Amino acid sequence: MARPGAACPPPARRVMVAARALLFWALVYSYCGVCACIAGLRLLWSIGRRPGETFRWVVRENPPACLNDPSLGTHCYVRIKDSGLRFHYVAAGERGKPLMLLLHGFPEFWYSWRHQLREFKSEYRVVALDLRGFGETDAPSHKENYKLDCLITDIKDILESLGYNKCVLIGHDWGGMIAWLVAICYPEMVTKLIVVNFPHPSVFTEYILRHPSQLIKSGYYFFFQMPWFPEFMFTVNDFKVLKSLFTSQATGIGRKGCRLTSEDIEAYLYFFSQPGALTGPINHYRNIFRLRDKT
């Protein structure tokens, strides 16, 4: 019900807004369907070539030694009172030093920050977090538990639980999106903001809609809107997609001396090969287009 004296938008404007929203969601679900068809064709091709290998999924029972390397820091847990979720993180550096909080991307977990944990621990209390649903952090089952508001509040609550009121905040990829939003919502908590490989959220959606090449590169955002099928496609050929993301020429780490070792890759496979381990991370993306509704 409109407030007394409040101006109502003219009918033409309401129609324009509704039409724009309709076109936007038509694009989202149409492109989702296209991505699903492409994934389905790849699946059929794999079944035709190597049916036995296609459905091979090996659950890694034991973590590789690199995950317990003491030079990386100490494994810690904190339970957030309001949400009841338990978060896992690895901390290096002395307590009392300025906090550097690291937020990973997808498909990653705290281990992606192993080099930064070693590099900055002399000057900072460095904390590499497993985001909600990733790694050893609790993973709520419903996608509504991964709305952006929840993810932003997670960082605020963790910061306070660690005994800090501000930090140097660093985010990569999806963690970069969260870092941007934390800085926007709680600027007093961020002394420095460093975002790697993610644009400012106010321009993200509009940019991909106006640049077809970026729309194609971001196709997995649309594909992830589907239930269960994206998780299944990651398991095909014993997580071939996951391995390719880290090692292929197109998306992998190509710089000599920085490439992932076989043990590094096993560290990622250890967590993501566990039953249900992909649903929480992908649920983050199942709320991404709700950002447009708020802007």
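Residues numbered from 1 in each chain as written. Predicted model: local features only at pLDDT ≥ 70, side-chain atom pairs only at ≥ 80, totals over all residues. Heavy atoms only, no water.

1. Side note on the environment of isoleucine 216
Line of reasoning, step 1. Relative to the assigned elements, isoleucine 216 resides in helix H7 (residues 212-217).
Line of reasoning, step 2. The exposure class of isoleucine 216 is exposed, given its relative accessible area of 60%. (Helix = DSSP H or I, 4+ residues; strand = E, 2+ residues; numbered from the N terminus. Buried < 20%, exposed > 50% of the residue type's maximum accessible area, 1.4 Å probe, protein only.)

2. A word on the packing of helix H4 (residues 148-161) against helix H5 (residues 174-185)
Line of reasoning, step 1. Two numbers describe how H4 lies on H5: the axes approach to 9 Å, and their chain directions differ by 75 degrees. Taken together, the axes of H4 and H5 are roughly perpendicular relative to one another. Contacts between H4 and H5 pair Leu148, Leu151, Ile152 and Ile155 from the former with Trp174, Ile178, Leu181, Val182 and Cys185 from the latter. (Axes fitted to C-alpha atoms, helices over the stretch in contact; angles between N-to-C directions. Parallel < 35°, antiparallel > 145°, perpendicular 65-115°, else oblique. Contact = heavy atoms within 4.5 Å.)

3. A word on the packing of aromatic side chains
Line of reasoning, step 1. Under the counting rule described, the total for this entry stands at 26 aromatic pairs.
Line of reasoning, step 2. Aromatic side chains tryptophan 110 and tyrosine 111 sit 5.6 Å apart centroid to centroid with 90 degrees between the ring planes, which places their arrangement in the edge-to-face category. (Phe/Tyr/Trp six-rings, centres within 6.5 Å; stacked < 30°, edge-to-face > 60°.)

4. Quick notes on the pattern of salt bridges
Pairs can form between side chains of opposite charge whenever their charged atoms are close.
Line of reasoning, step 1. Under the definition given, this model contains 11 salt bridges.
Line of reasoning, step 2. Between glutamate 53 and arginine 56 there is a salt bridge, with its nearest N and O atoms 3.2 Å apart.
Line of reasoning, step 3. Relative accessible area serves as the criterion here: at 36%, glutamate 53 is assigned to the partly exposed category.
Line of reasoning, step 4. A relative accessible area of 36% means that arginine 56 is categorised as partly exposed.
Line of reasoning, step 5. Linking aspartate 154 and arginine 132 is a salt bridge whose minimum nitrogen-to-oxygen distance equals 2.8 Å. One end of the pair, aspartate 154, is in helix H4; the other, arginine 132, is in the loop between strand E4 (125-129) and H4, with 22 residues separating them in the sequence. In this pair, the class of aspartate 154 matches that of arginine 132, namely buried.
Line of reasoning, step 6. Counted as one network, the salt bridges with shared partners bring together Glu53, Arg56, Arg60, Asp238, Lys243 and Glu266. (Salt bridge = Lys/Arg side-chain N within 4 Å of Asp/Glu carboxyl O.)

5. Regarding the pairing of strand E2 (residues 86-92)
Line of reasoning, step 1. Among the seven residues in E2, six count as buried, and that is most of the element.
Line of reasoning, step 2. Where strand E1 (residues 74-79) hands over to E2, the hairpin turn is made up of six residues, of which glycine 84 adopts a positive phi near 80 degrees.
Line of reasoning, step 3. Pairing of E2 with E4, which is carried by four bridges, proceeds in the antiparallel orientation. Paired with tyrosine 89 across the two strands is leucine 129, which belongs to E4. (Pairing = 2+ DSSP bridges.)

Worth remembering: the numbers are spatial, not functional.
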